[in-house]
Amino acid sequence: MLLASDLISTPAFVYIEKIIQKKLHNIRKIQDCNILYPLKTCALADVLRLMAPLNNGFSVSSLFEAMLAKDIAKKNNVIHITTPGLRPDEIENISELCDYISFNSISQWKLYHSKLKSEIKQGLRINPQLSFVKDDRYNPCRKQSKLGIPLTELLHELNDISSIKNISGFLFHTNCESTDFNDLLETVKHIEAYLPSALKKISWINLGGGYLFDESENAEVLTETISLLKSRYELDIFIEPGNGTIRDAGYIVSSVIDLFKSDNRVIAVLDTTVNHMPEVFMYQYKPDIVGESCNGKYKYILAGASCLAGDIFGEYKFNQPLKIGNRIIFKSMGAYTLVKANMFNGINLPSIYAYTLERELVLKRRFTYDDFISRCVVKKNVVKRKKVCNSCS
Ligand SMILES: Cc1ncc(COP(=O)(O)O)c(C=O)c1O
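Every chain's residues receive numbers from 1 upward, in the order its sequence appears when written. Local features in this predicted model are restricted to residues whose pLDDT is 70 or higher, and side-chain atom pairs enter the listing and the counts only when it is 80 or higher, whereas totals over whole chains, interfaces and linings include all residues. Hydrogen atoms and water are omitted, and side-chain values are computed over all heavy atoms in the structure.

Points about the layout of surface pockets
Quantified by volume, the largest pocket comes out at close to 1,200 Å³. In this structure, the largest pocket is lined by 46 residues; those nearest its centre are Lys-40, Tyr-138, Glu-279, Tyr-336 and Lys-340. Note on residue categories: nonpolar means Ala, Val, Leu, Ile, Met, Phe, Trp, Tyr, Cys or Pro, charged means Asp, Glu, Lys or Arg, and polar means any other residue, Gly included. Among the residues forming the lining of the largest pocket, the class breakdown is 15 nonpolar, 17 polar and 14 charged. For the lining of the largest pocket, the domains that each give at least three residues are domain 1 (2–12 + 247–382) and domain 2 (17–245). A volume near 330 Å³ is recorded for the second largest pocket. In terms of lining, the second largest pocket is formed by Cys-42, Ala-43, Leu-44, Leu-338, Val-339, Ala-341, Leu-349, Ile-352, Arg-365, Phe-367 and Arg-375. Using a 1 Å grid laid over the protein atoms alone, points where a 1.4 Å probe fits but cannot get out form a cavity; open sets with protein on both sides within 12 Å along at least 5 of 7 lines form a pocket; any residue with an atom within 4 Å of a point counts as lining. Grid points are joined across faces, edges and corners, and a volume is the space filled by probe spheres set on the points. For the domain bounds, the source is a domain assignment made automatically or taken from a database.

So, in structure tokens, the structure goes:
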């Protein structure tokens, strides 16, 4: 199998271009809808370059993401931004780089709306106050949420959207890895019930991300939601699927570097760590791996290489005993992995490989000691060193 190939030096992040392309082709089949890719999910420049011609643009959450998106955007791509973190020293540059901005609060709009270039389309991020996500850490509609203007507050502020100058659109993002588009339809109907006249006055709406398109059993409900918004309000519609585009295209490939017994269990230490996939630790979920077998005879606790006691992926069963050097391949790691990965303990980041459309395995980046010290506020020339391994540059 390709991912077990000796050509890959571990730990590695491998993404498969064909999968990204296929996902985007499927998403593009949705009629009357503009597709944006959110950089927060995986911001590798070559991944963005692959996507640029296949979608309508990018969505970003910061100045740096906006700069990267602008560098890569094709002529017809648009750039949307929404963030609770707008800053006075960045607003001018953000305004230059972006085509759409959705203010996260009325206060933010008051601070910045007059500082933007005239061509930028201004909108508001709404919090529909309708929760679908059980874990509050993922739930933008949680109580006292910092994400968007609660509908009840917005109603209080304005009975008429025209009292807020230059607002031409709304954005909401309320779900996470959902496969049920009824959540989206319900949200749109809920907003409609609160703000019927406002919807008539705007010209665009961004429905955010949060849905796994391929796994959905009711894609027709998405079509129904879009045609409702089109037929009643003639809105330009945007969606920004992150997980839905890239999650299944990425793998973390690691190797077993030690095996030993601890309290009647065998621990298999890997050359990766939860710090390469921080959501595994943050949300305490057990990632899927290639080749695990629920009836397997050989049971191991797969553990990361850091000093953190809880740097553990979980207990897994296999049909064959593990040996030092065996590959362990984590599935569905394309989203929110590299963008959150860190070098805790000085453990190097995974090397980045692409399996290209031409079926070639291409090493895109191998991180080195220089990448480590560049964030340790150490002047490079102060540290004299000899080349001792491949990770040294
Ligand atoms: C505003 C916004 N849009 C899109 C996304 C992408 O969501 P997902 O990766 O779940 O599709 C997020 C994720 O946090 C978001 O905050």
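A closer look at unusual backbone geometry
Most peptide bonds take the trans form, and the phi angle of most residues other than glycine is negative. Between Thr-10 and Pro-11 the backbone carries a cis peptide bond, its omega angle lying at 0°. Its place among the elements puts Pro-11 in the segment before strand E1 (12–16). Even without glycine at this site, Asp-263 takes up a positive phi of about 45°. Relative to the assigned elements, Asp-263 resides in the loop between strand E11 (250–262) and strand E12 (265–270). Helix and strand assignments follow DSSP, with helices taken as H or I runs no shorter than four residues and strands as E runs no shorter than two, numbered in order from the N terminus.

Re the pattern of salt bridges
A side-chain nitrogen of Lys or Arg and a carboxyl oxygen of Asp or Glu constitute a salt bridge if their distance falls within 4 Å. Evaluation of the coordinates by the stated rule reveals 14 salt bridges. Of the charged contacts, one joins Arg-265 and Glu-315 as a salt bridge, the two residues approaching to 2.5 Å between their closest N and O atoms. Pair noted here: Arg-265 is in strand E12 and Glu-315 is in strand E14 (residues 312–318), with a separation of 50 residues, a long-range link. Per-residue accessibility, obtained with a 1.4 Å probe over protein chains only, is compared with the maximum for each type, and a residue is labelled buried under 20%, exposed over 50%, and partly exposed between these values. Owing to a relative accessible area of 33%, Arg-265 belongs among the partly exposed residues under this scheme. You can call Glu-315 partly exposed: its relative accessible area is 29%. Residues joined in a network through salt bridges with shared partners are Lys-23, Glu-177, Asp-214, Glu-215, Arg-247 and Asp-248.

Here we look at the packing of helix H7 (residues 182–194) against helix H9 (residues 219–233)
In helix packing, the relevant descriptors are the interaxial angle and the interaxial distance, both defined with respect to the helix axes. Between H7 and H9, the shortest axis-to-axis distance is 8 Å and the interhelical angle comes to 25°. Judged by the inter-axis angle, H7 sits roughly parallel to H9. For the element pair H7 and H9, the recorded crossing hand is left-handed. Here Asn-182, Leu-184, Leu-185, Val-188, Lys-189 and Glu-192 of H7 lie close against H9, whose contacting residues are Val-221, Leu-222, Glu-224, Thr-225, Leu-228, Leu-229, Arg-232 and Tyr-233. Looking at the contact of H7 with H9 residue by residue, the classes come out as eight nonpolar, two polar and four charged. Interaxial angles span 0 to 180 degrees and are taken between N-to-C directions of axes, which are lines fitted to C-alpha atoms, for helices over the stretch in contact. Roughly parallel means an angle under 35 degrees; roughly antiparallel means over 145; roughly perpendicular covers 65 to 115; every other angle is labelled oblique. Two helices cross in a left-handed way if the nearer one is turned anticlockwise from the farther one by less than a right angle. They cross in a right-handed way if the turn is clockwise. Here, two residues are considered to be in contact whenever any of their heavy atoms come within 4.5 Å of each other.

Some points on the nonpolar core
Throughout, nonpolar core names a set of buried Ala, Val, Leu, Ile, Met, Phe, Trp, Tyr and Cys residues whose side chains join them through atoms within 4.5 Å. Within the largest apolar cluster, 96 residues are counted, with the highest numbers of intra-cluster contacts made by Phe-170 and Leu-302. A total of six residues in this core trace back to one element, the largest contributor, which is H9. There are two domains that each give this core at least three residues, and those are domain 1 (2–12 + 247–382) and domain 2 (17–245). Within the second largest apolar cluster, nine residues are counted, among which are Ala-12, Val-14, Val-253 and Ile-329.

Side note on the domain arrangement of the chain
How large an interface is tends to be reported as the accessible area lost when its parts come together. Entries for the chain in the domain assignment read domain 1 (2–12 + 247–382) and domain 2 (17–245). Relative placement of domain 1 and domain 2: their C-alpha centres are 32 Å apart. Listed by partner, the interface residues are 19 residues for domain 1 and 23 residues for domain 2. Taken together, the two surfaces of domain 1 and domain 2 that pack against each other cover about 1,700 Å², and 54% of this comes from carbon and sulfur. Summed over both partners, the accessible area (1.4 Å probe) lost when two parts come together is defined as the buried area. Ranking the residues of domain 1 by area buried against domain 2 places Arg-247, Tyr-283 and Leu-357 at the top, with a combined share of 38%. Put simply, domain 1 and domain 2 have four salt bridges between them. Across the salt bridge formed by Lys-23 and Asp-248, the nearest N and O atoms sit 2.9 Å from each other. Polar contacts, as used here, are pairs of N or O atoms within 3.5 Å; protein pairs need one atom able to donate a hydrogen and one able to accept it. Residues neighboring in sequence count only if both atoms are side-chain atoms. For the interface between domain 1 and domain 2, the tally reads eight residue pairs in polar contact (both at pLDDT 80 or more).

Focus: the packing of aromatic side chains
Geometry of aromatic contacts follows a simple scheme: Phe, Tyr and Trp rings, the Trp one being its six-membered ring, pair when their centres are within 6.5 Å, and the pair is stacked under 30 degrees between planes, edge-to-face over 60, tilted otherwise. Under the criterion given, the structure shown has nine aromatic pairs. On the numbers, 4.6 Å between centres and 50° between planes, the contact of Phe-313 with Phe-330 is tilted. On the criterion of sequence distance, the pair formed by Phe-313 in strand E14 and Phe-330 in strand E15 (residues 327–330) is long-range, its members being 17 residues apart. In this structure, Phe-313 and Phe-330 share a single accessibility class: buried. Every member of this aromatic cluster is reached through a ring pair, and the members are Tyr-100, Trp-204 and Phe-238. Note that Lys-286 overlies the ring of Tyr-316, its terminal NZ or CZ placed 4.4 Å from the centroid. Charge over a ring is defined by NZ of Lys or CZ of Arg lying within 6 Å of the ring centre and within 35 degrees of the ring normal.

Topic: the site of the ligand
Around the ligand, the neighbouring residues are Pro-38, Lys-40, Arg-125, His-173, Gly-209, Gly-210, Glu-240, Pro-241, Gly-242, Asn-243 and Tyr-336. In this structure, an oxygen atom belonging to the ligand sits 2.8 Å away from a main-chain N or O atom of Gly-210. Within the contact set of the ligand, an oxygen atom lies 2.9 Å away from a backbone nitrogen or oxygen of Gly-242. A total of 400 Å² of accessible area belongs to the ligand in isolation, and the protein chains cover 88% of it. Any molecule with more than half of its atoms within 2 Å of a cavity's or pocket's grid points is regarded as sitting in that cavity or pocket. The site holding the ligand turns out to be the largest pocket. We define proximity as follows: a residue is near a molecule or strand when any one of its heavy atoms falls within 4 Å of that partner. The method behind every accessible area is Shrake-Rupley, applied with a 1.4 Å probe, and residues are considered shielded solely by the protein chains displayed.

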